[in-house]
Each structure stands twice: as structure tokens, then as C-alpha cells.
Amino acid sequence: MQKILLIEDDPEIAKLLKLHFDSEQFDLTCSDKCVEALEKAKSEKYNLIILDITLPDGNGIDLCKQFRKNDISTPVIMLSCHSEESDKVLSLEVGADDYITKPFGVLELVARAKAVMRRTVQQDSLLLSKTNIIFSALSIDPDKRKVTLKGQRIELTVKEFDLLWLLASNPGKTFTRKQLLQDIWGFAFEGYEHTITSHINRLRLKLEDDLNHPEYILTAWGSGYRFAE
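These notes cover the structure that comes with them. Within any chain, residue numbers begin from 1 and follow the written order of that chain's sequence. Restriction of local features to residues with pLDDT of at least 70 applies here, the model being predicted, together with a cutoff of 80 or more for giving and counting side-chain atom pairs; totals for whole chains, interfaces and linings are based on all residues. Hydrogens and water are ignored here; the side-chain numbers use all heavy atoms of the structure.

**Observations regarding the packing of helix H6 (residues 158-168) against helix H7 (residues 177-185)**
A packed helix pair is summarised by two numbers, namely the angle formed by the two axes and the spacing between the axes.
At step 1: Where helices are involved, their axes are fitted lines through C-alpha atoms of the stretch in contact, as for all axes, and angles between N-to-C directions lie from 0 to 180°. The secondary structure listing takes helices from DSSP runs of H or I that are at least 4 residues long and strands from runs of E that are at least 2 residues long, numbered from the N terminus. Remark: H6 packs on H7, axes separated minimally by 10 Å, with the N-to-C direction vectors making an angle of 120 degrees. Between H6 and H7, the interaxial angle falls into the category oblique. The crossing of H6 and H7 is right-handed. Listed contacts from H7 to Lys159, Asp162, Leu163, Leu166 and Leu167 of H6 are Leu180, Asp183, Ile184 and Trp185. If an angle is under 35 degrees, it is roughly parallel; if it is over 145, roughly antiparallel; if it lies from 65 to 115, roughly perpendicular; otherwise it is oblique. For a crossing to be left-handed, the near helix must be turned anticlockwise from the far one by less than a right angle; the clockwise case is right-handed. In this description, contact between two residues means that some pair of their heavy atoms is separated by no more than 4.5 Å.

Printed below as a string of C-alpha cells:
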């Protein structure tokens, strides 16, 4: 049975979601505080985290950052009563996989949750079937999701790794920002292609010796990005 951690301080929403997810044969655990939720995520293995941005003891975006800093790679769907573009973009940039604005339809949330979990399983199974990529001083191990540069491990977020792996698996192939967004995050965030630029910039800061002359991730001017051949 797939396990879901719901972090939501509205008891009525939590009760409603538990009822629907339980009926779909998911094991849903509820938490209403950041500190408790972080401990649960550290101690238990979940298939999905549904995270409200506004919590009584903190901010869901900051909590998502903590998940990623603690190597918790569980996919995250953010819930928010705010529809501002800045919240959506920031959620993506800290590692969220999807974003839903309140009020939302429960059936839509269940469907989006299934889609995120299905996509994660597909991506993980693809990685397990691949061999290591070695290019110059860079080594990428898809099984361990481990990247080393000049013998030193480079810490990447889940999305940074997925983005690097997609590019490095297709050396010389140019991907548009829209294609990268589609392949890494799915259909839900069309219109937020500039999020890709932020991730590429952070990857370059971690990998490149000279940002003005990158060795690994190259810009295809007017088109997108490609990995060096």
C-alpha cells in the first residue's frame, strides 16, 4: 500500500482528504506542524507528501527546503490559498513536484497525486536501468543518484539531478525550456519555463569552473540547453 504524508492544519480538509485517499487504498498519515512532519518524513518512507504552505509553526516552502536538505527525495505537492505566480515558481524551485491552489476539487487532487507518484516510479525505474555516465571529470551514478566532480561528491537536489541526468543522457541534443519542464515536472506547470533557467544556473554554479565558458551544460542560444558532446 502506498503511503502519503499530509501536512495540513485545517482539520476539516485533513478529514476529507483522509476519507478519499483511504477509499482509494492509500495509507494517509496526517500532521499539522512542521517539526512533527519533518520527523515523520525522516523516520518513515512515504510515496508522496502533500504540504500546505501556511502552517501554524512555519512555512511549507521552508519545510520543503528542509526535506531536500535532509535528502528526503519524496515527491511533494504544495497546497496554497494563494494563486500568485511567485508562490508557484518558488515552490518549484525548492523542489516541489506540483502545486494546487485552494479551494480545489478533491478528485482533482487525488488524480494529481496518482500522476506524480506514477511519474516518480517511472523515472526511478528508468534510472535503475541505466549505467553510469562519465564525461571529463564528471561522473553520474543513476542508481545511487550520486554525482562526483574531480573525485568530490556534489550535492544536488532531486530536480537538479533529474535535470542533469536528462541532459547528460542525450549529449548534444538541445532541449527547450518547455521540453525540460515537461520531462522533469510533467504537464502541470506550462508557462513557468523560467524555473528551468534557475535550476540550470544552480547546476552550473556547482559543476562549472568558469561560468562564462561552461564545460558541461551549454546554452543553445534562442533554443534552450544541451549537454556537451
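**Let's talk about the nonpolar core**
At step 1: As used in this record, nonpolar core signifies buried Ala, Val, Leu, Ile, Met, Phe, Trp, Tyr and Cys residues forming a set joined through side-chain atoms within 4.5 Å. Buried means the residue's accessible area, taken with a 1.4 Å probe over protein chains only, is under 20% of the maximum for its type, while exposed means over 50%, and partly exposed covers the values in between. Residues Ile140, Val147, Leu164, Leu207 and Ile217 are the most contacted members of the largest nonpolar core, which totals 31 residues.
At step 2: Here this core gets seven residues from one element, more than from any other, and that element is H6.
At step 3: Residues within four places of Leu164 in sequence aside, it is in contact with Ile140, Val147, Leu156, Leu203, Leu207, Ile217 and Phe227.
At step 4: In this structure, Leu55, Ile61, Met78 and Ala96 belong to the second largest nonpolar core, which totals 21 residues.

**Here's the deal with the pattern of salt bridges**
At step 1: The term salt bridge refers to a pairing of a side-chain nitrogen on Lys or Arg with a carboxyl oxygen on Asp or Glu at a separation within 4 Å. Scanning the model with the defined rule gives 16 salt bridges in all.
At step 2: Between Glu108 and Arg112 there is a salt bridge, with the nearest N and O atoms lying 2.6 Å from each other. You can see Glu108 and its partner Arg112 sitting in helix H5 (residues 106-128), four residues apart, about one turn around the helix.
At step 3: The class for Glu108 is partly exposed, based on a relative accessible area of 39%.

**Quick word on helix H4 (residues 85-93)**
At step 1: Every buried residue of H4 is accounted for by Asp87, Lys88, Val89, Ser91 and Leu92.
At step 2: Among the structural elements, helix H3 (60-69), strand S6 (76-80), strand S7 (98-101), H7 and helix H8 (194-207) are those in contact with the buried residues of H4.
At step 3: Downstream of H4 by a residue or two, Gly95 has a phi angle that is positive, lying close to 115 degrees.

**Concerning unusual backbone geometry**
At step 1: That bond from Lys102 to Pro103 is cis: its omega, -5 degrees, falls within 30 degrees of zero.
At step 2: With a phi angle near 60 degrees, Asp71 is a residue other than glycine that sits in the positive phi range.
At step 3: Here Asp71 lies in the loop between H3 and S6.
At step 4: In this structure Asp71 comes out as exposed when scored by relative accessible area, which is 62%.

**What about the packing of helix H2 (residues 34-43) against H3?**
At step 1: Packing of H2 against H3 leaves a shortest axis separation of 11 Å and a crossing angle of 25 degrees. Between H2 and H3, the angle is such that the two are roughly parallel. You can see that H2 and H3 cross each other, and the crossing is right-handed. Here Cys34, Ala37, Leu38 and Ala41 of H2 come into contact with H3, specifically with Leu63, Gln66 and Phe67.
At step 2: Under the grouping applied here, Gly and all other residues not named as nonpolar or charged are polar, the nonpolar ones being Ala, Val, Leu, Ile, Met, Phe, Trp, Tyr, Cys and Pro and the charged ones Asp, Glu, Lys and Arg. A breakdown of the residues in the contact of H2 with H3 according to their chemical character gives six nonpolar, one polar and no charged.

**Some points on the sheet that holds strand S8 (residues 133-135)**
At step 1: Across the sheet, four strands lie side by side as S8-S9-S10-S11; this open sheet has antiparallel pairing. The two strands at the open ends of the sheet, each matched to only one other strand, are S8 and strand S11 (152-154). Sheet twist, expressed as the mean angle between neighbouring strand axes with direction ignored, is 20 degrees.
At step 2: Of the strand pairs in this sheet, strand S10 (residues 146-149) and S11 are connected by three bridges, and their pairing is antiparallel. In the strand pairing of S11, Thr148 is matched with Arg153.
At step 3: Running at roughly 110 degrees to strand S9 (residues 138-141), H6 makes contact with S8, S9 and S10 of the sheet. Two strands are counted as paired when DSSP detects at least two bridges linking them.

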